[in-house]
Amino acid sequence: MAACIHSLAGNETVASPFSLESADNQRKIRNSQCRFAKICKPSFQNLVSNNPINRFRRQAEEEVEEKEEDVLWVKIREEALDDMEKEPILSKYYCSSILLHDSLESALSNQLAAKLSNADLPSSTMKDVFGGVLAEDEEIRKAIRADLKAVKERDPACISYTHCFLNFKGFLACQAQRVAHKLWSQGRTVMALLIQSRVSEVFAVDIHPGAKLGNGVVLDHATGIVVGETTVIGDNVTILHNVTLGGTGKVNGDRHPKVGDGVLIGAGTKVLGSIRVGDKAKIGAGSVVLKEVPPGSTSVGNPARLIVPKSYC
């Protein structure tokens, strides 16, 4: 453009602006300007890639360099980018759900809020509630990661951490209950019970906010799971669908089961009353358990009978 202007400035005689010669010159000047702009305009790809996947990959690498690496969160982001390459039509969903967030807690707060909000309970309100609890409670943050790893390790249907994070309602219901339990312990019973109600409606999982959950809990399929107020669930427990950890209806106060570490509870099982299920015990599908289950034993049937291995005798 500078060359064009300089050329004009050097002309001693300028035709009348109303002459045909002037109009023709003006068209030539405009064409020259357009060609100059096209030649000199830097390529967009030279400035920043027009591929959003590459942009997010660079962003992830920079974040890892800037702060202590959260290995699981980095892995989730990498999986999301791989999924976007396979299914570009889901790019917006993966960006809003994972890639636009700077932490696992932020993404989880957003995911839970999106699932549990409704017309009268805005997503922004729910996100503030979940985000506030997750930001202040280190134990819940550890439990979230333990649950993700447990699902990936113990559920053959889980193809990736991202798959669990976005699509497994058992995982999401468990994390919502952890937040509700924190609110319950702080005396915010109304909000805690509201979260329980929304989780029950949306995910068909009904866990009282008073229940205590350990780390590495897997709610496999999850539909129809009911857990009572005074239930305690240990670490690395797997619970399948349609399981009830409930009371007998005959007592008040402490009236629900206490489940030890490493327990497996099969689909459709009912464990009723304030009874102990020992560490590493297994309860077969469809069982009705009314008595204590010793550590390492297997309980099956209705009413349940014990099969105790010799190593625990």
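Reading guide: rules and limits
Along each chain, residues carry numbers from 1 onward, in the same order as the chain's sequence is written. Predicted model: local features are reported for residues with pLDDT of at least 70 only, side-chain atom pairs are reported and counted for 80 or more only, and whole-chain, interface and lining totals are derived from all residues. Note that water and hydrogens are dropped before the side-chain values are worked out from all heavy atoms of the structure. Secondary structure is summarised from DSSP: a helix means a run of H or I of at least four residues, a strand means a run of E of at least two, and numbering begins at the N terminus for each. The buried label goes to any residue with under 20% of its type's maximum accessible area, the exposed label to any with over 50%, and the partly exposed label to all in between, with areas taken from a 1.4 Å probe on protein chains only. A contact between two residues is defined here by any heavy atoms of the two lying within 4.5 Å. The accessible surface values rely on the Shrake-Rupley method and a 1.4 Å probe; as for residues, cover is taken only from the protein chains in view. Think of it this way: DSSP has to see at least two bridges between two strands before they count as a pair. Aromatic contacts are taken between Phe, Tyr and Trp rings whose centres are within 6.5 Å, Trp giving its six-membered ring; a plane angle under 30 degrees counts as stacked, one over 60 as edge-to-face, and the others as tilted. A ring is scored as having a charge over it whenever the NZ atom of a lysine or the CZ atom of an arginine sits within 6 Å of its centre and within 35 degrees of its normal. Any carboxyl oxygen of Asp or Glu that lies within 4 Å of a side-chain nitrogen of Lys or Arg is treated as forming a salt bridge with it. Axes here refer to lines fitted to C-alpha atoms; in helices the fit is confined to the stretch in contact. Angles between the N-to-C directions go from 0 to 180 degrees. An angle below 35 degrees is read as roughly parallel, one above 145 as roughly antiparallel, one from 65 to 115 as roughly perpendicular, and any other as oblique. The length a helix should cover is 1.5 Å for every residue beyond the first. The arc in question is the one spanned by the directions pointing from the helix axis to the C-beta atoms.

Asker: Can you walk me through the overall build of the protein chain in this structure?
Answerer: Along its length, the protein chain carries twelve helices and 15 strands. Burial analysis of the protein chain (313 residues in total) assigns 42% to the buried set. Long-range contacts, defined as pairs at least 24 residues apart, comprise 42% of the intrachain contacts of the protein chain with a sequence gap of at least 6. Accessible area for the protein chain stands at about 16900 Å²; split by element, carbon and sulfur atoms hold 54% of it.

Asker: Which parts of the structure should I look at to understand the sheet that holds strand β15 (residues 305-307)?
Answerer: Each strand in a sheet pairs with its neighbour through backbone hydrogen bonds, running either in the same direction (parallel) or in the opposite one (antiparallel). The strand order β3-β6-β9-β12-β14-β15 describes an open sheet built from six strands, whose pairing is mixed. The open sheet terminates on both sides in strands that have one partner only, identified here as β3 (218-219) and β15.

Asker: How should the packing of aromatic side chains be read in this particular structure?
Answerer: Remark: the centre distance and the inter-plane angle together describe each pair of aromatic rings, the angle taken between the planes. In total, this model carries two aromatic pairs according to the counting rule given. Where Tyr 93 meets Tyr 94, the ring centres are 5.8 Å apart and the plane angle is 70°; that geometry is what we call edge-to-face. With relative accessibility at 10%, the residue Tyr 94 sits in the buried group. Positioned above the aromatic ring of Tyr 161, the side-chain terminus of Lys 152 is 5.9 Å from the ring centre.

Asker: Would you mind going over the pattern of salt bridges with me for this structure?
Answerer: For side chains bearing opposite charge, pairing can occur when the charged atoms are close. For the coordinates displayed, the defined rule picks out nine salt bridges. Close ionic contact of Glu 138 with Arg 141 constitutes a salt bridge, the shortest N to O distance being 2.4 Å. One end of the pair is Glu 138 and the other is Arg 141, both in helix α9 (residues 138-154) and three residues apart, which spans about a single turn. Ionic contacts of the salt-bridge type, sharing partners, join the residues Asp 70, Glu 105 and Arg 145 into one network.

Asker: Just to check I follow, could you spell out the packing of helix α8 (residues 123-136) against helix α11 (residues 169-185) for this structure?
Answerer: Geometrically, a packed helix pair is captured by the angle between its two axes and the distance between the axes. Put simply, α8 and α11 touch, their axes get as near as 10 Å, and they point 80° apart. As summarised for this structure, α8 and α11 are arranged roughly perpendicular, according to the angle between their axes. Listed contacts from α11 to Val 129, Phe 130, Val 133, Leu 134 and Glu 136 of α8 are Ala 176, Val 179, Lys 182 and Leu 183.

Asker: How should helix α12 (residues 189-203) be read in this particular structure?
Answerer: Residues separated by three or four positions in an α-helix point in the same direction, a consequence of the helix having 3.6 residues per turn. A rise of 1.5 Å per residue sets the reference length of α12, with its 15 residues, at 21 Å; its end C-alpha atoms lie 21 Å apart and thus fit the reference within 8%. Among all positions of α12, only Met 191, Ala 192, Ile 195, Gln 196, Arg 198, Val 199 and Phe 203 are buried. The arc enclosing the buried residues of α12, seen along the axis, measures out at 170°, which places them on a common side. Turned more than 90 degrees away from the buried face of α12 sit Val 190 and Glu 201, all of them exposed. Residues of α12 that are buried sit in contact with α7 (104-116), α8, α11 and β1 (206-207). At the exit of α12 stands Ala 204, carrying a positive phi of roughly 60°.

Asker: Looking at this structure, I do not really get unusual backbone geometry. What am I missing?
Answerer: The phi torsion of most residues other than glycine is negative, and most of the peptide bonds are trans. Each neighbour pair has its own omega, and for Asn 302 with Pro 303 the value is -5°, a cis peptide bond. Relative to the helices and strands, Pro 303 resides in the loop between β14 (298-300) and β15. We note that Ala 222 has phi near 80°; this positive angle belongs to a residue other than glycine. Examined against the element boundaries, Ala 222 turns out to sit in the loop between β3 and β4 (226-227). The class of Ala 222 is buried, set by a relative accessible area of 0%.

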